[in-house]
Amino acid sequence: MRIGIAEDDALLREGLASLLRAEGLDVVATSPGPEEFLAAVDEHRPDVAIVDVRMPPSHTDEGIRAAVEARRRHPDLAVLVLSAYVEQSFATDLLTGGAHGLGYLLKERVGRVEEFLVALNRVAEGGTAIDPEVVAQLMTRHRPDPGMERLSPRERDVLALMAEGLGNTAIATKLVVTEGAVHKHIRSIFAKLDLAPTDHTDRRVVAVLKYLENTLA
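Definitions and limits used
Residues numbered from 1 in each chain as written. Predicted model: local features only at pLDDT ≥ 70, side-chain atom pairs only at ≥ 80, totals over all residues. Heavy atoms only, no water. Pairing = 2+ DSSP bridges. Helix = DSSP H or I, 4+ residues; strand = E, 2+ residues; numbered from the N terminus. Axes fitted to C-alpha atoms, helices over the stretch in contact; angles between N-to-C directions. Contact = heavy atoms within 4.5 Å. Salt bridge = Lys/Arg side-chain N within 4 Å of Asp/Glu carboxyl O. Buried < 20%, exposed > 50% of the residue type's maximum accessible area, 1.4 Å probe, protein only. UniProt positions renumbered as here; feature names shortened; annotations may be inferred. Core = buried A, V, L, I, M, F, W, Y, C linked by side-chain atoms within 4.5 Å. Expected span 1.5 Å × (residues − 1). Parallel < 35°, antiparallel > 145°, perpendicular 65-115°, else oblique.

### As for the sheet that holds strand 2 (residues 26-31)
Piece 1. Taken in spatial order, the 6 strands line up as 2-1-3-4-5-6 in an open sheet, and their pairing is parallel. Two strands lie at the open edges of the sheet, namely strand 2 and strand 6 (128-130), each paired on one side alone. With direction set aside, neighbouring strand axes in the sheet form an average angle of 20°.
Piece 2. The pairing of strand 1 (residues 2-6) with strand 3 (residues 48-52) spans 4 bridges and is parallel. The residue of strand 3 that forms the bridge with Gly4 is Ala49.
Piece 3. This element, helix 1 (residues 10-22), spans strand 1, strand 2, strand 3 and strand 4 (78-83) of the sheet and lies at about 175° to strand 2.

### Remarks on the pattern of salt bridges
Piece 1. Applying the stated criterion to the full structure yields 12 salt bridges.
Piece 2. A salt bridge links Arg73 to Glu69; the nearest nitrogen and oxygen atoms lie 2.8 Å apart. In this pair, Arg73 and Glu69 are both assigned in helix 3 (residues 62-73), 4 residues apart and thus about one turn of the helix distant.
Piece 3. Judged by its relative accessible area of 34%, Arg73 is partly exposed.

### As for the UniProt feature "modified residue: 4-aspartylphosphate" (unreviewed entry) in the protein
Piece 1. Using the residue numbers shown here, the UniProt feature "modified residue: 4-aspartylphosphate" (unreviewed entry) corresponds to Asp52.
Piece 2. According to the relative accessible area criterion, Asp52 is buried, its value standing at 5%.
Piece 3. For Asp52, the residues in contact, after removing those within four places along its chain, are Ala6, Glu7, Asp8, Gly63, Leu82 and Lys107.

### Some details on the nonpolar core
Piece 1. By size, the foremost hydrophobic cluster in this structure holds 21 residues, and its most contacted members are Val158, Leu159, Met162, Ile171, Ile189, Leu193 and Ala207.
Piece 2. Breaking this core down by element, the ones donating at least two residues are helix 8 (153-163), helix 9 (168-175), helix 10 (179-192) and helix 11 (203-216).
Piece 3. Tallying contributions element by element places helix 8 first for this core, with 6 residues.
Piece 4. In this view, Ile171 contacts Val158, Leu161, Met162, Leu166, Val182 and Arg204; residues no more than four positions away in its chain are not counted.

### Some remarks on helix 3
Along an α-helix, residues three or four positions apart point the same way, because every turn accommodates 3.6 residues.
Piece 1. End to end, helix 3 covers 16 Å across 12 residues, agreeing with the expected 16 Å (1.5 Å per residue, within 8%).
Piece 2. Within helix 3, burial applies to Glu62, Gly63, Ile64, Ala66, Ala67, Ala70 and Arg71.

### Thoughts on the environment of Tyr104
Piece 1. Relative to the helices and strands, Tyr104 resides in strand 5 (residues 102-106).
Piece 2. The class of Tyr104 is buried, set by a relative accessible area of 1%.

### Quick notes on the packing of helix 8 against helix 10
Piece 1. Between helix 8 and helix 10, the least distance of the axes is 10 Å, while the angle of their chain directions is 95°. If you check the angle between helix 8 and helix 10, you find them roughly perpendicular. Between helix 8, through Arg154, Glu155, Val158, Leu159 and Met162, and helix 10, the contact on the second element is made entirely by His185, Ile186, Ser188, Ile189 and Lys192.

Below, the structure is given as structure tokens:
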């Protein structure tokens, strides 16, 4: 796995690079700002980019905008966004390009090395990894949506865990139910969100995308 890091805090940037290298991962570039990050992505073509949301010069959404541009240039680039706060611009900007290979973690999660590495690998493999704390906070400020309103509380629980990137076995363990029950809930979610089987889209990814668009908006 080839990794690029964009983080303006030198201590965190180098500490993160050292942590990943100690795990045997290939950190091909570290960048202190969005322009340097984009140049590094073009040059080194990493598999996954770890990007801070707030970067110079204004420390608002430069990291998000750089990540959007990086994925525009390199659609297969996986992106793991790090933020000290829950950023609402995450959905409307990054998710417009699709939910595949996309993660959003609060920076405090980096200190939980095992969880962080699991999330990083999941994103690099094309999955999603949304911080549970982010999901918990954003569920309280979602906009009404006819499809989402049809979901039962248990189905919303299942979809929230899908958004975190958990597979069916992990969801079953988390909710203390059988995998068969999880399969049943997911089929019901697909039906209520009007997601018919198709060869062109992954219904699981589309369901997560719908969920994140409505909870993060």
